[in-house]
Amino acid sequence: MVVDIKKIDDTFKETNFFIDTNVLYWISYSKYDFFNGRARKQAKPYLEFIDKLLDDNASFFTSIYNISELLHIIEKHEFEIYQKTNPGLIDNIKDFRKLTSRKYVKNELLTAIANIKGQCTVLEYPFFLDDLEEFIDTSDTHRCDNYDFITIKNCIKQGMLNIISDDGDFASINEINLFTSNFKVLKENNKQKSDSNT
């Protein structure tokens with residue numbers, strides 16, 4: 001089921017929500033909108049929805065794999081910020097890692113982890129070859145990448161079916177409730193509903 005987070009009036013007292021990487025990025029990393037004015041507009045409904053859920057006393061979860069992905073994204077964004085503020089000095093992220101300014105990246109990563117741990121329970125679960133083989137075997141039935149597939153599979157296994165994400169690929173897994181503000185996903189979902197009513 002796809003749920004438009006901008007149109008929710010329900011309360012979610014003591015409800016569990018799993019937060020995907022893109023939303024973690026917006027709630028844990030203060031520079032997510034540097035050099036990207038569109039990011040603030042994209043993030044706003046999610047930040048407001050998270051605030052609403054906090055008021056409702058909802059519980060938040062994420063996974064170690066989402067955090068790993070997030071740390072990579074933050075480092076990449078810090079590298080892009082460095083490139084834009086110091087044009088022509090460094091061409092690749094490997095050289096960026098050699099700089100003394102890397103301590104600033106470390107601080108951003110530590111802050112992001114602290115923010116996440118302050119709001120979410122971090123789930124750790126194994127990742128086996130069988131999981132990857134299942135991903136490959138079922139890859140023509142959904143649009144998820146392997147990390148998202150295994151994360152969603154684990155959420156389903158644990159009964160954690162409410163997932164907050166801007167990733168449209170999650171909508172291809174019917175067993176979850178995708179809480180989103182992704183325009184394309186919502187448009188496609190509305191079209192499917194109207195097609196089924198005719």
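Look a little higher up for the structure.
Computed from a prediction, not measured in an experiment: that's the story for all the values here.

Calculation criteria
- Residues numbered from 1 in each chain as written.
- Predicted model: local features only at pLDDT ≥ 70, side-chain atom pairs only at ≥ 80, totals over all residues.
- Heavy atoms only, no water.
- Helix = DSSP H or I, 4+ residues; strand = E, 2+ residues; numbered from the N terminus.
- Expected span 1.5 Å × (residues − 1).
- Contact = heavy atoms within 4.5 Å.
- Pairing = 2+ DSSP bridges.
- Buried < 20%, exposed > 50% of the residue type's maximum accessible area, 1.4 Å probe, protein only.
- Phe/Tyr/Trp six-rings, centres within 6.5 Å; stacked < 30°, edge-to-face > 60°.
- Lys NZ or Arg CZ within 6 Å of the ring centre and 35° of its normal.

Time to look at helix 2 (residues 37–55). With 19 residues, helix 2 should reach 27 Å at 1.5 Å per residue; the first-to-last C-alpha distance of 28 Å fits that figure. On the buried face of helix 2, the contacting elements are strand 2 (16–19), helix 1 (21–28), strand 3 (59–63), helix 5 (102–119), strand 5 (162–164) and strand 6 (177–180). Backbone geometry just after helix 2 places Asn57 at a positive phi near 65°.

In terms of strand pairing, strand 2 meets strand 3 through 3 bridges, oriented parallel. Pairing of Phe18 across the sheet is with Phe61, part of strand 3. Bridge count between strand 2 and strand 5: 2 bridges; the pairing is parallel. Among the inter-strand pairings, Phe18 is bridged to a residue of strand 5, identified as Ile163.

Further remarks concern unusual backbone geometry. Backbone geometry places Asn57, a non-glycine residue, at a positive phi of 65°. Its place among the elements puts Asn57 in the loop between helix 2 and strand 3. For Asn57, a relative accessible area of 58% corresponds to the exposed category.

A word on the packing of aromatic side chains. Under the defined criterion, the tally for this structure stands at 14 aromatic pairs. Seen in terms of ring centroids, Phe17 and Phe179 are 5.1 Å apart; in terms of plane orientation they differ by 75°. Their pairing is edge-to-face. Of this pair, Phe17 sits in strand 2 while Phe179 sits in strand 6, and the two are 162 residues apart along the sequence. Judged by centre distance (5.8 Å) and plane angle (55°), the rings of Phe135 and Phe149 are tilted. With a gap of 14 residues between them, Phe135 in helix 6 (residues 129–138) and Phe149 in helix 7 (residues 146–157) connect regions that are remote in the sequence. Under the relative-accessibility criterion, Phe149 is labelled buried at 8%. Members of the aromatic cluster, joined through ring pairs, are Phe12, Phe17, Phe49 and Phe179. Across from the ring centre of Phe34, 6.0 Å away, lies the NZ or CZ of Lys31, which sits over that ring.

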